[in-house]
Amino acid sequence: MKKKQRRNAKDFSVSVLQKRLIAVGCALAILFCFLMGRFFYVQVVWQGELNYRALDQWTRELPIVAERGKITDRNGVVLADNRAAYTVFARSNAVKDKENTATTLAQVLGLDVQKTYEKLTKKKASEITVAKKVDKQSINALSSLTLDGVYYSRDNVRNYPKGDALCQVIGFTSVDNVGTTGIEKYYEEYLSGKNGELLHETDLVGIEIEGSVATYLPAENGYNLQLTIDYGIQEIVESALEKVIYNSSPVSAECVVLDVTNFEILAMANFPSYDLNDVPRNDVDALNKMSRNTLVSDVYEPGSTFKIITSAANVEEYLQGNKNAYSPNYVFSSSRTRTVDGTRVKCWNNHANGKHANQTLAEALNNSCNPCFTDMALGLGTEKFYDYLEAFGFGKKTGIDYGGEAYGLLMPEKAVRNCDLARIGFGQTIAVSGLQLACATAAAVNGGYYYTPHLVKRIYAEDGYEVFRAETTLKNRTVSEKTSSIIAGMLEGVVTQGSGKKAGIDGYRIGGKTGTAQKFENGHIAAGKYVSSFVGFYPVDNPKYLTLVIVDEPQGAYYGSVVAAPCAGEIFQGIFSLKNIPPNGA
């Protein structure tokens, strides 16, 4: 019995030993696998980064700055380009006579001698930037002096040949040539390119090794942008707005010209403006104000121009058999006022001597009579009217390729009272961006097609390789082609017979609508402050060009019919001349 116990104990001891040996073997195997994996990672996976670190330790590099892509209009007119400039560097360890070098650099580059000397004697930095944006003449002077440890590389400075033209649209770059606002910022990824390097072998203290061969890593230039903008039309718009500024002294004036067939932006201008070659960077408040593209980023109460949308919704519902909608031939009450939820809505005209009596929808548009549009909005009801507001893009972004677009201000549908709905019908209690209104109007008169507006037509490389080409994108339908045709015809009457007469041009079928909206400040009407506007299109039977002019707080005369409509008429006349469009029937 004791022998059997001894054998069992011996077997148990051997079993434990075997398990320990197996465990140690497994541990060694795991360790071996880990080490092999680490070797593989270091030698294969990490190879590129380690080679780069090694290269960085025994070389010094000069940047080769990529050329930023050009920006042109649709016809190739250059709007943003580059001019050559240079950056001067110094490697303090390689500068033999720091005092003389500092004096020479200061003289040639117009720098402070003491500050330059302090830079050269800094021990923390092996390479310092002496000066940026140095001109070619100064570089030639430095090259002739052969200063030890001083180098230079070509840089690029943004240049805008047209100065302040399209300044809010194009935007500008930072001192490091990075897009900061506008198209420059929105398309930074394409415009910026990729910098290259010129590598020089150096010793441990950063002094270039004699006889070493430089390694050249070329830069990849940025892609070019072709905008939808037509600079010829842009010049016409800016000239017309300058006259408005001179004659009416408003706080601001703005205009957008839209291709009604595809929503390409043909012109977009905001005043006041600034020179893109002389950006007022030291005055942040002024720069923020002047660089803001208010047509896209700001909102306002549109007033009577919004009656186009109410009319379109009403006519569409009438054609679809909605008994609460009004026929185009319906004669509205001649009463000057409507009372809704205890709130009185009144017409701007006193209706004396039969004025505004027996008005049809077309005549209500001609006369811009608020109560008629109150009737239409209330007849449709909140739910139905809001369906059309959504279809026409209010309360949401248009989707334009530009940063900072506003949504507009639209009351939540459930919060709308009848008195609110009544005011929305004639363009109050709703706030829109200029671009939203332009797009909505275009979709009301072009057959009911709402497209995504855009500013960039294509993106391409210098060799012609095309990275991107914009396509016409239909977002949704707003109204039927029949409704659209009816509304366009009525709006022609506004220009030939109504408040938009000063936008008319003999021999050309132009339609449009004026607007004169009171401004609200801190929840109250601001006495004597108005926004005057006009939105028009040509030709009525097959719209191509749409123009929206907005003038904020004009002094003296303030009606849209007097301030904005003539400006729009001048723009249309300029377009006809530029595009050689003859009068109707010519």
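Look above for the structure.
Now for a description of the structure that goes with this document.

## What about the overall build of the protein chain?
Right, so step 1: The helix and strand inventory of the protein chain stands at 19 helices and 19 strands.
Right, so step 2: Taking contacts inside the protein chain between residues at least 6 apart in sequence as the whole, the part at least 24 apart equals 72%.
Right, so step 3: Carbon and sulfur atoms form 50% of the exposed surface of the protein chain, whose accessible area is close to 28600 Å².

## Quick word on the packing of aromatic side chains
Right, so step 1: Inspection of every chain in the model, using the stated rule, returns 17 aromatic pairs.
Right, so step 2: For the pair Tyr326 and Tyr330, a centre-to-centre distance of 4.8 Å together with 55 degrees between the ring planes defines the contact as tilted.
Right, so step 3: By relative accessible area, Tyr330 is classed as partly exposed at 38%.
Right, so step 4: On the basis of an interplanar angle of 5 degrees and a centroid distance of 4.1 Å, the ring pair of Tyr508 and Phe576 is categorised as stacked. Taken together, the positions of Tyr508 in the loop between α18 (481–496) and β17 (511–521) and Phe576 in helix α19 (residues 560–578) put the pair 68 residues apart, joining distant regions of the chain.
Right, so step 5: On the basis of relative accessible area, Tyr508 is assigned to the buried category, the value being 14%.
Right, so step 6: Assessed through its relative accessible area of 2%, Phe576 is described here as buried.
Right, so step 7: Pairwise contacts between aromatic rings join Tyr186, Tyr187, Tyr190 and Tyr223 into one cluster.
Right, so step 8: Positioned above the aromatic ring of Tyr460, the side-chain terminus of Arg458 is 4.0 Å from the ring centre.
Right, so step 9: Above the ring of Tyr449, the side-chain terminus of Arg477 is found at 4.0 Å from the ring centroid.

## Focus on the sheet that holds strand β9 (residues 252–259)
Right, so step 1: If you trace the five strands from one edge of the open sheet to the other, you get β10-β9-β19-β18-β17, paired in antiparallel fashion. For this open sheet the edge positions go to β10 (265–271) and β17, each flanked by a neighbour on one side alone. Strand-to-strand twist of the sheet, defined as the mean angle between neighbouring strand axes without regard to direction, takes the value 10 degrees.
Right, so step 2: Bridge count for strand β18 (residues 524–538) against strand β19 (residues 545–552) is eight bridges, and the pairing is antiparallel. If you follow Ser533 over to β19, its bridge partner there is Ile550.
Right, so step 3: Along the sheet, helix α9 (residues 231–248) contacts β9, β10 and β19; its crossing angle with β10, the most-contacted strand, is approximately 25 degrees.
Right, so step 4: The strands touched by α18 are β17 and β18; relative to β17, the strand with the most contacts, the crossing angle is about 75 degrees.

## Thoughts on a nonpolar patch on the surface
Right, so step 1: Judged by side-chain polarity, Val24, Leu28, Leu31, Phe32, Phe34, Leu35, Met36 and Phe39 come together as a nonpolar surface patch covering roughly 830 Å² of accessible area.
Right, so step 2: Following the sequence through the fold, Leu31 ends up in helix α1 (residues 2–45).
Right, so step 3: Given the relative accessible area of 46%, Leu31 is considered partly exposed.

## Overview of the pairing of β9
Right, so step 1: Most of β9 is tucked away, with eight of its eight residues classed as buried.
Right, so step 2: Relative to β19, β9 runs antiparallel, the two sharing eight bridges. In the sheet register, Ala253 faces β19, and the bridge partner there is Val551.
Right, so step 3: Bridge count between β9 and β10: six bridges; the pairing is antiparallel.

## With respect to the nonpolar core
Right, so step 1: Core analysis: the biggest nonpolar cluster contains 92 residues, and Ile183, Ile265, Phe385 and Phe392 have the highest contact counts within it.
Right, so step 2: The leading source of residues in this core is helix α17 (residues 434–445), at nine residues.
Right, so step 3: Discounting residues that sit within four places of it in the chain, Ile183 has contacts with Ile71, Val169, Ile170, Leu191, Leu225, Leu227, Asp401, Tyr402, Leu455 and Val456.

Rules behind the numbers
Residues numbered from 1 in each chain as written. Predicted model: local features only at pLDDT ≥ 70, side-chain atom pairs only at ≥ 80, totals over all residues. Heavy atoms only, no water. Helix = DSSP H or I, 4+ residues; strand = E, 2+ residues; numbered from the N terminus. Contact = heavy atoms within 4.5 Å. Areas by Shrake-Rupley, 256 points an atom, 1.4 Å probe, with all protein chains shown as cover. Phe/Tyr/Trp six-rings, centres within 6.5 Å; stacked < 30°, edge-to-face > 60°. Buried < 20%, exposed > 50% of the residue type's maximum accessible area, 1.4 Å probe, protein only. Lys NZ or Arg CZ within 6 Å of the ring centre and 35° of its normal. Pairing = 2+ DSSP bridges. Axes fitted to C-alpha atoms, helices over the stretch in contact; angles between N-to-C directions. Patch = residues over 30% accessible without salt bridge, like charges linked within 9 Å, V, L, I, M, F, W, Y side chains within 5 Å. Salt bridge = Lys/Arg side-chain N within 4 Å of Asp/Glu carboxyl O. Core = buried A, V, L, I, M, F, W, Y, C linked by side-chain atoms within 4.5 Å.

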